[in-house]
Amino acid sequence: MIVMKFGGTSVGNADRITHTVDIIKSYAGKKPVIVVSAVGGITDRLIELANAAKGKRKEILEAIRKIHNDIINELGLDESILEEDFKELDNLINNNKTVDAEILDQFQTFGERMSSKIVAMQLNKMGVTAQAFNAWDLGFATTDEFGNAEPLEETFSNLNNNIKKLNVVPVITGFMGKTKNGEIATLGRGGSDYTAAIIGNAVDADEIQIWTDVDGIMSTDPKIVSNAMPLEEVSFAEASELAYFGAKVLHPKTIIPAMKKNIPVRVLNSFSLKNKGTVILNKVAKSKHVVKAITYKKNIIVVNIVSTRMLGAYGFLARIFNTFDKYKKSVDVVSTSEVSVSLTIDNENNLASIIDEMKDIAIIHVSKGKAIISVVGEGMRNTPGLAGRRFGVLGDNKINVEMISQGASGINTTLVVDGKDVVNAVKCLHEEYFGC
Ligand code: ADP
Ligand code: ASP
Ligand code: MG
């Protein structure tokens with residue numbers, strides 16, 4: 001069995017869906033299990049719909065309907081397949097003047113619920129017996145952390161039992177499940193990759209394929225550096241760091257379920273079948289490039305915390321991290337000395353409360369609009385001189401490095417720069433390490 005996940009651009013219009021169906025057909029002998037994202041851009045539209053004022057909602061809903069109906073008509077399918085979904089979406093709008101995290105999750109799921117039906121219909125039309133499933137109908141149960149839900153343990157056996165007994169190709173909605181109380185919850189933006197990996201783990205897949213719009217994992221974001229190079233092989237450890245520190249091509253949690261069962265993850269371009277893509281494995285051959293890739297994350301907040309106690313007072317770090325823990329606030333980069341800590345976060349939620357709780361032990365300074373740049377590669381830990389080159393090239397280009405941190409695994413070094421410098425910094429570093 002293989003799991004094939006198609007992202008928003010791969011199901012973005014009638015043409016792309018026809019092409020995606022051809023790809024699925026070519027893997028018919030491998031018992032494919034399909035996971036789909038919403039039609040590209042639809043999740044954003046659904047969020048806009050949820051947050052819009054009453055008068056504006058009708059207009060947005062009609063735009064969403066038109067995008068789907070145009071695809072259905074162009075494919076020559078029956079418009080009525082989405083009637084139920086639009087009715088439900090209409091009710092959701094009418095019953096919810098205000099929107100909390102739980103309701104927002106309900107809105108967001110309609111993209112995948114509709115794209116899965118279109119893809120399944122088109123597969124049937126092209127001779128592949130297929131059926132669309134909402135993930136929860138196959139037993140995808142989650143926690144109730146709306147917008148960031150995690151699969152419950154039982155999800156894995158549920159999915160395995162339910163998928164294995166099917167005699168159709170399932171086309172499953174990415175990025176969602178239901179809580180024990182039957183509430184809809186999403187896994188967070190970009191979470192269809194994570195769904196594919198969870199399903200791959202559950203059914204012991206031979207491979208998890210992530211079909212997207214670029215030639216695999218690249219040496220950096222091709223939207224910034226047009227001649228970024230595709231990477232043939234990446235280790236699970238490298239892929240985790242890359243995804244966590246900004247390579248949008250993979251949702252950061254995708255690697256864990258694959259790694260637990262040692263299932264290869266292949267990232268492929270649905271727009272260019274001649275490319276081999278990137279395979280993510282437990283162990284990979286030594287690459288001629290010690291630095292594998294450069295990633296970035298924008299809109300980062302740096303929090304500098306300086307102790308007001310005497311030098312050497314113990315408990316300072318514990319107090320800081322306990323406070324972040326209490327507010328479930330994840331920290332991306334940390335740099336410490338005995339009396340001060342600098343750390344980065346990617347949103348302001350609960351920040352005011354955290355600062356308030358620490359004001360008796362520290363002076364806290366917050367800087368917004370920063371960016372993280374990560375340089376990732378397994379071979380980095382044993383190669384002298386890399387840091388010198390990094391700071392040299394950034395210094396030559398007058399880019400100030402505000403913070404530095406190296407992960408304990410030694411395969412990732414992270415720098416913080418001002419947001420205005422991030423594109424230039426990524427370009428310079430890419431040129432330094434890859435010569436282009
Ligand atoms: P999908 O809709 O298929 O899930 P995404 O938009 O989520 O696709 O991810 C693909 C995008 O990730 C690419 O178009 C590319 O701009 C971006 N990206 C960022 N960093 C990288 C990288 N290192 N390698 C490949 N793509 C990257
Ligand atoms: N459709 C969702 C999003 O846009 C999930 C995904 O595409 O992975 O975030
Ligand atoms: Mg994605």
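Each chain carries its own residue numbering, running from 1 in the direction its sequence is written. Chain letters and ligand numbers both follow the written order, the letters beginning at A and the numbers at 1. Only residues with pLDDT of 70 or above have their local features reported here, since the model is predicted, and side-chain atom pairs are shown and tallied only from 80 upward, although totals for entire chains, interfaces and linings are computed over all residues. As a rule here, side-chain values come from all non-hydrogen atoms in the structure, and water together with hydrogens is ignored.

**Q** What is the right way to look at unusual backbone geometry in this model?
**A** Negative phi values dominate among residues other than glycine, just as trans dominates among peptide bonds. A positive phi is found at Phe-175, a non-glycine position, where the angle reads about 70°. Tracing the backbone shows Phe-175 in the loop between β4 (169-173) and β5 (176-178). When a residue's accessible area, from a 1.4 Å probe over protein chains only, is under 20% of the maximum for its type it is buried; when over 50% it is exposed; and in between it is partly exposed. Here Phe-175 falls in the buried class, since its relative accessible area comes to 2%. Of note, the phi angle at Asn-299 is positive, near 55°, even though the residue is not glycine. Asn-299 gets classed as exposed once you look at its relative accessible area, which sits at 60%. Secondary structure elements are taken from DSSP: a helix is a run of H or I of four residues or more, a strand is a run of E of two residues or more, and numbering for both begins at the N terminus.

**Q** Can you help me understand the sheet that holds strand β15 (residues 403-406) in this one?
**A** What links the strands of a sheet is backbone hydrogen bonding, and the strands pair in either a parallel or an antiparallel sense. A pair of strands is considered paired only if DSSP assigns at least 2 bridges between the two. Strands sit in the order β12-β13-β11-β14-β16-β15 across an open sheet of six strands; the sheet is antiparallel. Two strands in the sheet have a free side with no partner beyond their single neighbour: β12 (334-336) and β15. Averaged over all pairs of adjacent strands, the angle between strand axes in this sheet comes to 30°, irrespective of strand direction. Bridge count between β12 and strand β13 (residues 340-345): three bridges; the pairing is antiparallel. For helices, the fitted axis covers only the stretch in contact; all axes are lines through C-alpha atoms, and the angles between them, taken along N-to-C directions, range from 0 to 180 degrees.

**Q** Help me understand the site of ligand 1, please; the structure alone is not making it clear to me.
**A** One heavy atom suffices: a residue is near a molecule or strand as soon as one of its heavy atoms comes within 4 Å of it. Among the 17 residues in the neighbourhood of ligand 1, the closest are listed as Thr-212, Met-218, Asp-221, Lys-223 and Lys-248. Here a polar contact means two N or O atoms within 3.5 Å. Within protein one must be a hydrogen donor candidate and the other an acceptor candidate, and residues neighboring in sequence count only if both atoms are side-chain atoms. Separating an oxygen atom of ligand 1 from a side-chain N or O atom of Lys-5 is a distance of 3.0 Å. Separating a nitrogen atom of ligand 1 from a backbone N or O atom of Met-218 is a distance of 2.9 Å. Considering only residue class, the shell around ligand 1 consists of seven nonpolar, five polar and five charged. Under the scheme applied, nonpolar residues are Ala, Val, Leu, Ile, Met, Phe, Trp, Tyr, Cys and Pro; charged residues are Asp, Glu, Lys and Arg; polar residues are all the others, including Gly.

**Q** Any chance you could explain the packing of aromatic side chains here in plain terms?
**A** We describe a pair of aromatic rings using the distance from one ring centre to the other and the angle between the two ring planes. Pairing of aromatic rings covers Phe, Tyr and the six-membered ring of Trp, with a centre-to-centre limit of 6.5 Å; geometry is then stacked below 30 degrees between planes, edge-to-face above 60, and tilted otherwise. According to the stated counting rule, one finds three aromatic pairs in the structure shown. Relative to Trp-211, the ring of Phe-6 has its centre 5.9 Å away and its plane inclined at 15°; by these criteria the two rings are stacked. Of this pair, Phe-6 sits in strand β1 (residues 2-6) while Trp-211 sits in strand β7 (residues 207-212), placing them 205 residues apart in sequence. An identical accessibility class is assigned to Phe-6 and Trp-211; each is buried. Measuring from centroid to centroid gives 5.2 Å for Tyr-244 and Phe-245, while their planes differ by 80°, and the two rings are edge-to-face. Residue classification places Tyr-244 among the partly exposed residues on the basis of a relative accessible area of 32%. Three or more aromatic residues link up through ring pairs in this structure, and these residues are Phe-6, Tyr-27 and Trp-211. Across the ring face of Phe-110, the terminal group of Arg-113 is positioned such that the distance to the ring centre comes to 4.1 Å. Both a distance and an angle decide whether a charge sits over a ring: NZ of Lys or CZ of Arg must be within 6 Å of the ring centre and within 35 degrees of the ring normal. Geometry around Tyr-244 places Lys-297 over its ring, the cationic atom sitting 5.0 Å from the centre.

**Q** Even after reading the chapter, I still don't get the site of ligand 2, so can you show me in this structure?
**A** The full set of residues close to ligand 2 is Ser-37, Ala-38, Thr-43, Glu-112, Phe-175, Arg-189, Gly-190, Gly-191 and Ser-192. Residue Thr-43 places a side-chain N or O atom 2.8 Å away from a nitrogen atom belonging to ligand 2. Within the backbone of Ser-192, a nitrogen or oxygen atom sits 3.0 Å from an oxygen atom of ligand 2. To measure how exposed things are, a 1.4 Å probe is used in the Shrake-Rupley method; for residues, cover is taken only from the protein chains shown. Look at ligand 2: alone it shows 260 Å² of surface, and the protein chains cover 86% of it.

**Q** Help me understand the sheet that holds strand β10 (residues 278-281) in this model?
**A** As summarised here, the arrangement of the eight strands in space is β3-β4-β2-β1-β7-β9-β10-β8, forming an open sheet in which the pairing is mixed. Bordering the open sheet on either side are β3 (130-133) and β8 (233-235), each of which pairs with just one other strand. Across the sheet, the mean angle from the axis of one strand to that of its neighbour is 20°, orientation sign disregarded. Here β3 runs beside β4; their pairing, made up of four bridges, is parallel. Paired with Gln-131 across the strands is Pro-170, a residue of β4. Should any heavy atoms of two residues lie within 4.5 Å, those residues are considered in contact. The sheet strands contacting helix α9 (residues 236-244) are β8, β9 (265-269) and β10, and the helix crosses β8 at an angle near 85°.

**Q** Sorry, what's going on with the pairing of strand β11 (residues 293-307) here?
**A** Each regular strand carries side chains that alternate between the two faces of the sheet. Among the 15 residues that make up β11, eleven are buried, leaving the element largely enclosed by the rest of the structure. The pairing of β11 with strand β14 (residues 362-376) spans twelve bridges and is classified as antiparallel. Among the inter-strand pairings, Ile-294 is bridged to a residue of β14, identified as Val-375. Two strands pair when backbone bridges link them, and β11 and β13 are joined in this way by six bridges, in the antiparallel orientation. Paired with Val-302 across the bridge in β13 is Thr-344.

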